[in-house]
2 protein chains.
Amino acid sequence: MSFRTLHDRGVIARYREYLPVTDATPVISLNEGSTPLIHAPKLSAKIGRDCEVFIKYEGLNPTGSFKDRGMTLALSKAVEDGAHAVICASTGNTSAAAAAYAARASISCIVLLPAGKISFGKLAQAFAYGAKVVAIEGNFDDALRLVREIGETEPIAVVNSINPHRLQGQKTASFEIIETLGDAPDVHILPVGNAGNISAYWMGYEEFFSLGKASRTPVMLGFQAAGSAPIYHKRIIEKPETIATAIRIGNPASWDKANNALEKSGGAIDAVTDEEILAAQFWLSSNEGIFVEPASAASIAGLFKSLDPTSNRAYDAARFPEGARIVCTVTGHGLKDPEVIKEQCGSVISAKADRSEILRLIS
Amino acid sequence: MSFRTLHDRGVIARYREYLPVTDATPVISLNEGSTPLIHAPKLSAKIGRDCEVFIKYEGLNPTGSFKDRGMTLALSKAVEDGAHAVICASTGNTSAAAAAYAARASISCIVLLPAGKISFGKLAQAFAYGAKVVAIEGNFDDALRLVREIGETEPIAVVNSINPHRLQGQKTASFEIIETLGDAPDVHILPVGNAGNISAYWMGYEEFFSLGKASRTPVMLGFQAAGSAPIYHKRIIEKPETIATAIRIGNPASWDKANNALEKSGGAIDAVTDEEILAAQFWLSSNEGIFVEPASAASIAGLFKSLDPTSNRAYDAARFPEGARIVCTVTGHGLKDPEVIKEQCGSVISAKADRSEILRLIS
């Protein structure tokens, strides 16, 4: 391998044979994937019975979220197909990933958004990676409709979730977990918004199981935000609300696929409140040292709910086998949205520049 | 290996034999390190002559900076030595890393700072990881003096840069680069602030060279911010100023070690302006798809300066051998300080919700 093409890792480099690429596909990569699977001793102790919890820390992808796994595929295929640009409607992690991989591919990235809803903080990454951010007169549905129309007639690839390559890239997270643990876990817990990720993980688990690379598939447990829980409530939510913006989706694109994963795996979908999400976020950072964005903490809040006999939980953690291995995916880094944690945190302690006073205050 | 202790990676797990740990040392880890070495085709083309540039993306450590490599050692040794807490004076990456690893170790982290200089944004991570942030009446030197005093008399470990274990952990980045490339690079370029990192990398390169794991050591090129360049100017800077806060240091702790690395490697120290740093930061994100904090971009700005015959460069890139492999370390993720890039970026484009108008605007 020449140094021009050397990647010490990257989703396509690592899992080429399981992905829809050929020798003619240019690899647009930022060495995404190969994220750590971090043992969580305190979460494990909360379950007991020799169960072991591991956190798949997807915030350590190049743009800070799991979206990079799908975007390396989406951009590589777009360039292979002759696209001059990519386009999406997104204020968050998707636009960040699209912009970064488009920069890498030396093609334009267009982010279409409703005027009046644009804050620099949410779009800082899209701007940093050089995307063209277009504010239209209209709402988010108008933006998405225009994205699709433009994708149909122009040499511009749509990289919103209707892009089929993205789930293919995202499934590689399951491959990594199987390779690290030596087998599939017993239980896999995820946040659920557009439901693409739970669908992609299930696809990956089924694929490695069918190839004999795992002896089982895990029970899949999905958690939605209570104000944005269409799969849980079995109906479209017209105005979804939650502080966990990355899973604020009222009509998930991968609804059917998610239901299939839940049913076939013997899993369940459940909902957690914003309060539970925020509490779980701070618990995870201040106890396990892992800082995630609010949406990511839905998986941890969900695990806590499954452990709580006083809750109306959809799945009782007592059903986890003794010694079970449980993986929780956390989808994005806490640095994506650092202000949210402010209210959960302690405040500044004031002191004189005096050794004994400081020792008294911190004891 | 039991699943209780399983780490698929981590600095101590990967390089135990080269680090000051024994079987009695508890490993406090977040699976830090093993960060990607990303090929930079556009930077390579700027040099030409078949040279290849690689970016060591240290922003993909768990807390978003290279500090995690040293902090896993510092906290593991602190716990081994019976410390009940760790303490530091830092507003930035050091306090974030100290707080995360202290949370992991279930001991307290105390961050001491001058009152009036505390913004939530800079300290969001320290708060999120549950640190106790103490504002004292006094300046930064007073805070650092108190940190040292407390460390001398109490069972509280100082994790500021005087902690000798941190450089030991940081040297592992060189080991990883040698293992990925198959040898040491010809040239290594780094930002220089407190000068610990350039010293640690050199330590790592010398160690693997002496063990026969590399056939050479690289030329080390260090770049300071022009308003904060004590090593370049060979004098303490009383009031260092630069937008690259992570390298705003007037009297570096590892000054002598850095001079030794520069001299022995045949390298050089140089300075780049804030304007050059900000331009390099945006160039890197919008061309290579790699978003870094301003201090990190000093290495890229430095490479550009070395290529510019009209500059008063300390090192001429024409001295790089043909086909040279050049590694640039970028020390922290752009999400650490996203507002800074705002002025470099494009602005929002307004449009009607009309296909043809949008196509015209983005063409």
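What you are looking at is a predicted structure, and each value in this text was computed from that prediction instead of being measured.

> Which parts of the structure should I look at to understand the sheet that holds strand 8 (residues 219–225) of chain A?
Residue and element names in this part refer to chain A. Reading across the sheet, the six strands line up as 1-2-10-7-8-9 and stay open at both edges, with mixed pairing between neighbours. One side of each edge strand has no neighbouring strand; the edge strands of this open sheet are strand 1 (37–39) and strand 9 (268–272). With strand direction ignored, the average angle separating the axes of adjacent strands in the sheet is 25°. Judged from the five bridges that link them, strand 8 and strand 9 form a sheet pairing that is parallel.

> How should the domain arrangement of chain A be read in this particular structure?
One frequently used descriptor of interface size is the decrease in accessible area upon assembly of the parts. Residues and elements named next belong to chain A. Domain boundaries assigned for chain A yield domain 1 (3–65 + 166–343) and domain 2 (67–164). A C-alpha centroid distance of 24 Å is found between domain 1 and domain 2. Listed as interface residues are 40 residues of domain 1 and, on the opposing side, 29 residues of domain 2. Area buried by domain 1 at its contact with domain 2 is led by Ile-28, Thr-63 and Arg-166, which between them contribute 36% of it.

> Even after reading the chapter, I still don't get the relation of the copies chain B and chain A, so can you show me in this structure?
Mapping one chain copy onto the other needs a rotation about an axis and a shift along that axis. When chain B is fitted onto chain A, the two copies agree to an RMSD of 0.0 Å after a turn of 180° and an axial shift of 0.0 Å. In the structure described here, the two chain copies are related by an operation that fits a two-fold rotation axis. Of the C-alpha atoms belonging to chain B, the one lying closest to the rotation axis is found on Leu60(B), 2.6 Å away. When the interface residues of chain B are mapped onto chain A, 100% of them are again interface residues, pointing to one common binding face.

> Hey, could you run me through helix 4 (residues 93–105) of chain A in this one?
Counting along an α-helix, one turn takes 3.6 residues, and residues three or four places apart therefore face a common direction. All names here are of chain A. In this model helix 4 runs 18 Å from its N-terminal to its C-terminal C-alpha over 13 residues, within 8% of the 18 Å that 1.5 Å per residue would give. Counting buried residues along helix 4, 13 of its 13 residues qualify, which places the element largely inside the surrounding structure. Directly beyond the C-terminal end of helix 4, a positive phi value near 60° is found at Ser-106.

> Please explain the interface of chain B and chain A as it appears in this structure.
The partner chain A presents 84 residues to the 83 residues of chain B that form the contact. When chain B packs against chain A, the two sides together hide about 7200 Å² of surface, and 62% of this comes from carbon and sulfur. Where chain B touches chain A, the interface holds four salt bridges. Of the charged contacts, one joins Glu154(A) and Arg355(B) as a salt bridge, the two residues approaching to 2.9 Å between their closest N and O atoms. Connecting chain B to chain A are 30 residue pairs in polar contact (both at pLDDT 80 or more). For the side of chain B that touches chain A, the residue count by class is 44 nonpolar, 20 polar and 19 charged. Pairing of strand 5 (residues 132–136) of chain A with strand 11 (residues 349–351) of chain B, which is carried by three bridges, proceeds in the parallel orientation. Residue pairing for strand 11 of chain B: Ala135(A) is matched across the bridge by Ser350(B).

Conventions adopted
- Sequence order as written defines residue numbering, which begins from 1 separately in each chain.
- Labels are handed out in written order, letters beginning with A for the chains and numbers beginning with 1 for the ligands.
- Reporting of local features is limited, given that this is a predicted model, to residues whose pLDDT is at least 70; pairs of side-chain atoms are given and counted only at 80 or more, and all residues count toward the totals for whole chains, interfaces and linings.
- Heavy atoms from the whole structure form the basis of all side-chain values; hydrogens and water molecules are not counted.
- Paired strands, in this sense, are two strands between which DSSP finds at least two bridges.
- Put simply, DSSP marks the helices as runs of H or I at least four residues long and the strands as runs of E at least two long, and each gets a number from the N terminus on.
- Angles shown run from 0 to 180 degrees and are taken between the N-to-C directions of axes, each axis being a line fitted to C-alpha atoms and, for helices, limited to the stretch in contact.
- Domain borders in the structure are assigned automatically or taken from a domain database.
- The contact criterion used throughout is that any non-hydrogen atoms of two residues lie within 4.5 Å.
- Buried area: the accessible surface (1.4 Å probe) lost by two parts on joining, summed over both.
- The superposition of copies rests on a least-squares fit of C-alpha positions from residues with pLDDT of 70 or more in both.
- What a helix is expected to span follows from its residue count: subtract one and scale by 1.5 Å.
- Relative accessible area decides the class of each residue, using a 1.4 Å probe on protein chains only: under 20% of the type maximum gives buried, over 50% gives exposed, and in between gives partly exposed.
- A side-chain nitrogen of Lys or Arg and a carboxyl oxygen of Asp or Glu constitute a salt bridge if their distance falls within 4 Å.
- Any pair of N or O atoms that falls within 3.5 Å is considered a polar contact. Within protein, one atom must be able to donate a hydrogen and the other to accept it, and sequence-neighbouring residues count only if both atoms are side-chain atoms.
- The nonpolar class holds Ala, Val, Leu, Ile, Met, Phe, Trp, Tyr, Cys and Pro. Asp, Glu, Lys and Arg form the charged class, and all remaining residues, Gly among them, are polar.

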